[in-house]
Amino acid sequence: MKLLKEPLIHFLGGALLVFAFFWATGSNRDPADYEITIGDSDIARLKAGWAQNFRRPPTEQELDGLIDQEIKEEVYYREALRLGLDRNDPLIRRRLFTKMRLLDNQEGAEDNPSDEQLQKWLNDHPDKYARSAIYDLEQIYLGQNPDRSVVAKLDGLNQGTVQPDIIGQPIALPAKLDQADISQISREFGEKFAAELSDLPLGQWQGPIDSGFGKHFVKITAKIPGRTPALDDVRQSVANDWQAAQTERLEEAAFDKYRKQYDIKVSGRE
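Below, the structure is looked at part by part.

Cut-off values and rules
- Residues numbered from 1 in each chain as written.
- Predicted model: local features only at pLDDT ≥ 70, side-chain atom pairs only at ≥ 80, totals over all residues.
- Heavy atoms only, no water.
- Helix = DSSP H or I, 4+ residues; strand = E, 2+ residues; numbered from the N terminus.
- Buried < 20%, exposed > 50% of the residue type's maximum accessible area, 1.4 Å probe, protein only.
- Contact = heavy atoms within 4.5 Å.
- Expected span 1.5 Å × (residues − 1).
- Pairing = 2+ DSSP bridges.
- Axes fitted to C-alpha atoms, helices over the stretch in contact; angles between N-to-C directions.
- Phe/Tyr/Trp six-rings, centres within 6.5 Å; stacked < 30°, edge-to-face > 60°.
- Lys NZ or Arg CZ within 6 Å of the ring centre and 35° of its normal.
- Patch = residues over 30% accessible without salt bridge, like charges linked within 9 Å, V, L, I, M, F, W, Y side chains within 5 Å.
- Areas by Shrake-Rupley, 256 points an atom, 1.4 Å probe, with all protein chains shown as cover.
- Salt bridge = Lys/Arg side-chain N within 4 Å of Asp/Glu carboxyl O.
- Left-handed = near helix turned anticlockwise from the far one by under 90°.
- Nonpolar A, V, L, I, M, F, W, Y, C, P; charged D, E, K, R; others polar.
- Core = buried A, V, L, I, M, F, W, Y, C linked by side-chain atoms within 4.5 Å.
- Parallel < 35°, antiparallel > 145°, perpendicular 65-115°, else oblique.

Remarks on the overall build of the protein chain
And then number 1: A tally of regular secondary structure across the protein chain gives twelve helices and four strands.
And then number 2: Going through the 270 residues of the protein chain one by one, you find that 22% of them count as buried.
And then number 3: Counting contacts in the protein chain only where the partners sit at least 6 residues apart, residues at least 24 apart contribute 68% of the total.

A short note on helix α12 (residues 235-259)
And then number 1: Between the first and last C-alpha of α12 there are 36 Å, a value that for 25 residues agrees with the 36 Å anticipated at 1.5 Å per step.
And then number 2: All of the buried residues along α12 are Val238, Ala239, Trp242, Gln246, Leu250 and Ala254.

Considering the sheet that holds strand β3 (residues 205-210)
And then number 1: Pairing in this open sheet of four strands is antiparallel, and the strands run β2-β1-β4-β3 from one edge to the other. In this open sheet, the two edge strands, each paired with only one partner strand, are β2 (176-180) and β3. Averaged over all adjacent pairs, the angle separating strand axes in this sheet is 30°, with direction ignored.
And then number 2: Bridge count for strand β1 (residues 134-143) against strand β4 (residues 215-224) is nine bridges, and the pairing is antiparallel. By the bridge assignment for β4, Tyr135 is matched with Lys223.
And then number 3: Set on the sheet, helix α10 (residues 182-189) makes contact with β1, β2 and β4; between it and β2 the angle comes to about 150°.

Here's the deal with the packing of aromatic side chains
And then number 1: A full pass over the atoms with the stated rule returns two aromatic pairs.
And then number 2: Ring plane angle 20° and centroid distance 4.5 Å describe the contact between Phe189 and Phe193, whose orientation is recorded as stacked.
And then number 3: Directly above the aromatic system of Tyr34 lies the positively charged group of Arg82, at a separation of 3.9 Å from the ring centroid.

With respect to a nonpolar patch on the surface
And then number 1: Nonpolar side chains collect at one region of the surface, where Ile71, Val75 and Tyr76 lie side by side and expose about 280 Å² of accessible area between them.
And then number 2: Topologically, Tyr76 is positioned in helix α3 (residues 60-82).
And then number 3: Overall, the relative accessible area of 58% leaves Tyr76 in the exposed class.

With respect to the packing of helix α2 (residues 40-54) against α3
And then number 1: In the contact formed by α2 and α3, the axes pass within 10 Å of each other and the chain directions differ by 115°. Note that α2 runs across α3; the crossing there is right-handed. Residues Ile43, Arg45, Leu46, Lys47 and Trp50 of α2 lie in contact with α3, whose contacting residues are Glu62, Leu63, Leu66, Ile67 and Glu70.
And then number 2: Among the residues making up the contact of α2 with α3, the classes are represented as six nonpolar, no polar and four charged.

Topic: the pairing of β4
And then number 1: Of the strand pairs in this sheet, β3 and β4 are connected by four bridges, and their pairing is antiparallel. The residue of β4 that forms the bridge with Ile209 is His216.
And then number 2: Where β3 hands over to β4, the hairpin turn is made up of four residues, of which Gly214 adopts a positive phi near 155°.

Some words on the nonpolar core
And then number 1: Counting residues in each nonpolar core, the largest one holds 15 residues, and the members touching the most others are Tyr135, Ile185, Phe193 and Leu197.
And then number 2: Contributing elements (two or more residues each) for this core: β1, β2, α10, α11 (191-196) and β4.
And then number 3: Excluding residues within four positions of it along the chain, Leu197 makes contact with Tyr135, Leu137, Ile185, Val218 and Ile220.
And then number 4: Core analysis: the next-biggest nonpolar cluster, separate from the first, contains nine residues, Leu118, Trp121, Leu122 and Val234 among them.

Examining the pattern of salt bridges
And then number 1: One pass over the structure, following the stated rule, counts 13 salt bridges.
And then number 2: Its salt-bridge partner being Arg101, residue Glu251 comes within 2.9 Å of it at the nearest N-O pair. Taken together, the positions of Glu251 in helix α12 and Arg101 in helix α4 (residues 90-108) put the pair 150 residues apart, joining distant regions of the chain.
And then number 3: For Glu251, a relative accessible area of 24% gives the class partly exposed.
And then number 4: Using a relative accessible area of 32% as the deciding quantity, one classes Arg101 as partly exposed.
And then number 5: Each member of the salt-bridge network shares a partner with another, and the members are Asp42, Arg45 and Glu70.

Quick look at the packing of helix α5 (residues 115-124) against α12
And then number 1: It is at 10 Å that the axes of α5 and α12 come closest, and there the two elements cross at 90°. The pairing of α5 with α12 is recorded here as roughly perpendicular in orientation. Each of Asp115, Gln117, Leu118, Trp121 and Leu122 in α5 lies in contact with α12, whose residues at this interface are Arg235, Val238, Ala239, Asp241, Trp242 and Ala245.
And then number 2: Of the residues assigned to the contact of α5 with α12, the class counts are seven nonpolar, one polar and three charged.

Pasting the structure below:
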């Protein structure tokens, strides 16, 4: 026991511990992290990516270049990890967030919804796909704040005793539209004006009707009512919206699952 108290023994014991530590940890080199293998699956992936971009397989020289680039990226990636560059970086955090959402959405996604699923979606959201009514109309611009005497000429206009050019004010708007749907009318006169048309009778001057420019007398001369389209007429739009809804549903379910695992505290929020 006296030998254990000798300084030389303490020195040798410490040196042995330091040697054991570096032997066990590899100290300045980690063989596992420094080994890079480009396997057949990696090469197939590189070839597929090239073919997708250039519509042909890479030449042998091009493939060598792809492999060299893959090695270079991997080396830089690992060196960046060793420096901790992946931590506390908002950009990387955002990309990982996006990638996790994509992976979760892919797991339960249905790529080919059936006709029954799409028809049900169309039936549940008829207003979204409804075909607009088509109008032939005439309009007279009265100005932003027309005098009462001008507005009172509506009856005379319908009776033919007042001519449109007598009361109309100049403006760079079409006096007449043919076969115009609601979106076209909205672009010309504004959504508020377009929304008023559905309740107007045919063949009579009505108003004043507000637009983004002021007030108008309006006469609808012809109208084709709007309708709900058949599935084949809007299949792609319905499929896109159906897919987007499924993605949102999957994302919410995945987040709820993750969220339950966390105890989250926010300052100022109980």
